[in-house]
Amino acid sequence: MTDKDNAEADAPKGPKHKQWDHPYYTVLTQYVKDLSLENPFAPHSIIDKAEAMPTTNVAFETAVREVESEKFEDLYEVSLILNISTTTEDRIPIILELDYGVLCTVHNIESDKQLHYMLHSELPRILFPYVRQLVSDYTAQAGYNPLYLPPTNFSALYIQRFGETWRTKKRE
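Residues numbered from 1 in each chain as written. Predicted model: local features only at pLDDT ≥ 70, side-chain atom pairs only at ≥ 80, totals over all residues. Heavy atoms only, no water.

(A) Quick peek at the packing of aromatic side chains. Tallied over the full model, the rule gives 5 aromatic pairs. Ring geometry for Phe60 versus Phe128: centroids 5.9 Å apart, planes at 55°, classification tilted. Here the residue Phe60 occupies a position in strand β2 (residues 55-66), and Phe128 occupies one in helix α3 (residues 112-141), the gap between them amounting to 68 residues. Here the aromatic rings of Phe60 and Phe154 are separated by 5.6 Å at their centres, their planes lie at 80°, and the arrangement is edge-to-face. Here Phe154 lies in helix α4 (residues 154-162) and Phe60 lies in strand β2, a separation of 94 residues in the sequence. For Phe154, a relative accessible area of 4% corresponds to the buried category. The structure contains a cluster of three or more aromatic residues connected by ring pairs, namely Phe60, Phe128 and Phe154. (Phe/Tyr/Trp six-rings, centres within 6.5 Å; stacked < 30°, edge-to-face > 60°. Helix = DSSP H or I, 4+ residues; strand = E, 2+ residues; numbered from the N terminus. Buried < 20%, exposed > 50% of the residue type's maximum accessible area, 1.4 Å probe, protein only.)

Quick look at the structure:
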């Protein structure tokens, strides 16, 4: 047996990855929890499309809950909830409501504020491209031009909603 063979035999078994010591999360799955698109004035809202661009109102919300599991520690469900409506000439041609979720585990969290920030800002940021695509697809399938949501700064939304950042207090 050579030195190389001995080294390989002595090597630990299992996945070959470095154990991280910084905070991180693992996405287990993502899914649509609820999706509703209302097109109350169809077919007239499609036939009589206005020349003017519609006004679009978008409201974001995050919902977080810890999930009990025997398989996973620190398991959370994070939902990005959108309420979208467009208005044209005193009509609301589209109302779209979407609740898009992710199931994830979190690791190496130092403080409750850091956990709160990760769940209410970082994970919604990861979900956003998928949500954006769903909104675009569903508005197009409703007979309108696809509605493309602009890039969103979830850190700024977090500060606006909660008024602080996570970098202040160690987890107890």
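(B) Focus on the pattern of salt bridges. Within the structure shown, the criterion is met by 3 salt bridges. For Lys33, the salt bridge goes to Glu77, with nearest N and O atoms at 3.3 Å. Within this pair, whereas Lys33 is found in strand β1 (residues 24-38), its partner Glu77 is found in strand β3 (residues 75-88), the two being separated by 44 residues in sequence. Between Arg65 and Glu77 there is a salt bridge, and its shortest N-O distance comes to 2.8 Å. One end of the pair, Arg65, is in strand β2; the other, Glu77, is in strand β3, with 12 residues separating them in the sequence. Assessed through its relative accessible area of 46%, Arg65 is described here as partly exposed. Three or more residues joined by partner-sharing salt bridges are found here, namely Lys33, Arg65 and Glu77. (Salt bridge = Lys/Arg side-chain N within 4 Å of Asp/Glu carboxyl O.)

(C) Representation of a negative patch on the surface within the structure. Among the surface-exposed residues, Glu66, Glu68, Glu73 and Asp74 lie close enough to one another that they form a single negatively charged patch. Within the secondary structure, Glu68 is located in the loop between β2 and β3. You can call Glu68 exposed: its relative accessible area is 73%. (Patch = residues over 30% accessible without salt bridge, like charges linked within 9 Å, V, L, I, M, F, W, Y side chains within 5 Å. Areas by Shrake-Rupley, 256 points an atom, 1.4 Å probe, with all protein chains shown as cover. Lys, Arg positive; Asp, Glu negative; His and termini not counted. Charge placed at Lys NZ, Arg CZ, Asp CG, Glu CD.)

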